[in-house]
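Residue-level listing of the chains:
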Amino acid sequence: PVLTSPLHIAVVGGGIGGLAAALATARAGHRVTLVERAARFGEIGAGLQLAPNASLALDELGVLPAVRASAVAPPRLVMMDALTGDEVTSLDLRSSAYTDRFAHPYLVTHRTDLHAALLTACQEHPAVTLRTGHTVAEADQDGSGVHLHFAEGHAPLTADAVVAADGLHSRLRQVLVGDGEPVCSRYVAFRGALPTGKMTGRMSQHAASEAVMVWAGPRMHLVQYPVRRGELYNQVAVFESDHYTPDSDDWGTEAELEERFAGACRAVRDALPLVSRDRRWPLYDRAPISTWVHGRIALLGDAAHPMLQYLAQGACQALEDAVALGQALGRSADPAEAFAAYADRRRERATLIQINARRFGEICHLEGMGATLRNMLLSSRGPEAFDDISWVWTPTPAPAPAL
Ligand code: FAD
């Protein structure tokens, strides 16, 4: 669109959400400056599932071909019982039931590959300026704009409006919402992608399948899938620690990981030594909030709706946010109006997914009779039963443009 008075929008944070927001804003005809605190742009070395709502968003941002070039389109999503090793249920992502319902593919990708596709598109867009080594410490706003102040002492940046995509520990959310620290779930993840060639012996069977495998067990689970054209195999082991202590990192340790998975079936125990131990990731979310927009500052991605990863939707929702933001800024060059339209479109849906992510985690980690009932219920569903997940994988349609 050609806007008569394009805005200058600052985006804080160069993760998946921030880069996608910068791209969507520039494609809507505005000028963007994105500031990232890290010295270099990057993502962590693990995988990411992109449900069809995310691949639709990537399509709308013009980067789906670049993402597809290295992503894997898994044939199935499979839930296994981590104790017995039996298949509980699966969804067939190549069935006509899938393609009838979803126009876009289910993809799994290396985070770095998705991040690089978004970064390249931003670098190639003449309206986007990218700055690293800029940590936003404060923001003040008046009727005409927002001034960002940086911890490193750089000159302040003035913009007509700001998109805060600064993640789970968002500084801007802290200032604007003040809802304290993120909520720790007491679960921790060990994760990483390793060259598929290292999956030898019995593990080669795991890597031979392109399916997304979720091994659900009592207070633990393991997720596996290939990424980067099948050259890497991603594994995520998640478990609840009995030793959680706030303000300490001495819980959710490698020893606890081994202990929690000791009773798992052979296939899961075989996989465990190949799960990356480089770093542990305590898992947090926050309670939903009703206000994402504060004057000329709008929250986006994890800064707006940090969620547990059990529905694999955090980044997908950030991508949906970016598309909705771009559409709103394409319709109105009044930041207040555009931000209100963006938040109205996105808040209810993201909140529902945030809440359901917690629930799905509880279902996944059931023990004893609960797990037996879950397995009975889920195993009665066929591989083409998309009814329950369809609302998650289908974004709310954009409102019709005003005539
Ligand atoms: P972030 O990725 O946190 O980016 C924030 C950026 O802001 C960072 O680059 C940071 O350096 C920068 N920043 C922070 N503070 C400042 C500041 N003050 N000034 C300037 N810059 C700043 N989602 C899915 O969709 N599918 C999945 O399969 C999936 N699996 C997951 C598995 C695990 C184990 C976990 C933990 C999460 C998973 N997620 C998944 C969620 C997903 O990773 C996040 O929701 C998503 O990455 C959030 O992106 P973001 O850009 O909003 O935030």
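As a starting point, this report considers the structure included with it.

Each value, and the rule that gives it
- Residues numbered from 1 in each chain as written.
- Predicted model: local features only at pLDDT ≥ 70, side-chain atom pairs only at ≥ 80, totals over all residues.
- Heavy atoms only, no water.
- Helix = DSSP H or I, 4+ residues; strand = E, 2+ residues; numbered from the N terminus.
- Buried < 20%, exposed > 50% of the residue type's maximum accessible area, 1.4 Å probe, protein only.
- Contact = heavy atoms within 4.5 Å.
- Pairing = 2+ DSSP bridges.
- Axes fitted to C-alpha atoms, helices over the stretch in contact; angles between N-to-C directions.
- Near = heavy atom within 4 Å.
- Polar contact = N/O pair within 3.5 Å; in protein donor to acceptor, adjacent residues only side chain to side chain.
- Areas by Shrake-Rupley, 256 points an atom, 1.4 Å probe, with all protein chains shown as cover.
- Parallel < 35°, antiparallel > 145°, perpendicular 65-115°, else oblique.
- Left-handed = near helix turned anticlockwise from the far one by under 90°.
- Arc of directions from axis to C-beta.
- Salt bridge = Lys/Arg side-chain N within 4 Å of Asp/Glu carboxyl O.
- Core = buried A, V, L, I, M, F, W, Y, C linked by side-chain atoms within 4.5 Å.

### Some remarks on the side chain of S55
So, point 1. On the secondary structure map, S55 appears in helix α2 (residues 52-60).
So, point 2. S55 sits in the buried class, given a relative accessible area of 0%.
So, point 3. When near neighbours in sequence (up to four residues on either side) are disregarded, S55 contacts L64, H104, P105 and L107.

### Remarks on the sheet that holds strand β15 (residues 232-240)
So, point 1. Reading across the sheet, the seven strands line up as β5-β4-β13-β14-β15-β12-β16 and stay open at both edges, with mixed pairing between neighbours. The sheet terminates laterally at β5 (87-92) and β16 (280-285), the two strands that pair on one side only. In this sheet, adjacent strand axes meet at a mean angle of 20° when their direction is disregarded.
So, point 2. Set on the sheet, helix α8 (residues 254-261) makes contact with β12 (183-195), β14 (220-227) and β15; between it and β15 the angle comes to about 85°.

### Here we look at the site of the ligand
So, point 1. Near the ligand there are 31 residues, and of these G17, E36, Q49, R111 and D302 occur at the shortest range.
So, point 2. Separating an oxygen atom of the ligand from a backbone N or O atom of I16 is a distance of 3.4 Å.
So, point 3. Between the ligand and the protein, one listed contact pairs a nitrogen atom with a backbone N or O atom of G314 at 3.3 Å.
So, point 4. Isolated, the ligand exposes 1,000 Å² of accessible area, and the fraction of that covered by the protein chains is 86%.
So, point 5. For the shell around the ligand, the secondary-structure elements that each account for two or more residues are α1 (16-27), β3 (47-50) and α10 (314-331).

### Re the packing of α10 against helix α11 (residues 335-364)
So, point 1. Packing of α10 against α11 leaves a shortest axis separation of 8 Å and a crossing angle of 160°. By the angle between their directions, the pair α10 and α11 is classed as roughly antiparallel. In this structure, the crossing between α10 and α11 has a hand that is right-handed. Between α10 and α11, the contacting residues are Q317, E320, D321, A324, L325, Q327, A328 and L329 on the first element and A338, F339, A341, Y342, R345, R346, R349, A350 and I353 on the second.

### Observations concerning α8
So, point 1. Where α8 is concerned, the buried positions are E256, L257 and F261. For α8, the buried positions fall inside an angular range of 120° around the axis, keeping them on one side. More than 90 degrees from the buried face of α8, the exposed residues found are A255 and E259.
So, point 2. Contacts made by the buried residues of α8 are with β12, β14, β15 and α9 (266-271).

### Observations regarding the pairing of β5
So, point 1. Sheet analysis places strand β4 (residues 76-81) next to β5, joined by five bridges and oriented antiparallel. Looking at the pairing, M80 lines up with E87 of β5.

### Some words on α2
So, point 1. Those residues of α2 that sit buried are P52, N53, A54, S55, A57 and L58.
So, point 2. G62 sits one or two residues past α2 and shows a positive phi near 80°.

### Some words on the pattern of salt bridges
So, point 1. Counted under the stated rule, the structure contains 23 salt bridges.
So, point 2. The residue R346 makes a salt bridge to D321 at a minimum N-O spacing of 2.6 Å. Of the two residues, R346 is situated in helix α11 and D321 in helix α10; the sequence distance between them amounts to 25 residues. Like R346, the residue D321 is buried in the burial classification.

### What to know about the side chain of S70
So, point 1. Within the secondary structure, S70 is located in helix α3 (residues 64-70).
So, point 2. Not counting residues within four places of it along the chain, the set of residues in contact with S70 comprises D113, V227, R228 and R229.

### A closer look at the nonpolar core
So, point 1. Ranked by size, the top nonpolar core spans 68 residues in total, and within it L50, L58, L61, L118, L148, L319 and Y342 carry the most contacts.
So, point 2. Sorting elements by how many residues they give to this core places α10 first, with nine residues.
So, point 3. The contact partners of L319, leaving out residues within four places of it in the chain, are I16, A20, L50, A54, A57, L58, L61 and L118.
So, point 4. Listed in part, the 31 residues of the second largest apolar core include F102, Y106, L232 and M307.

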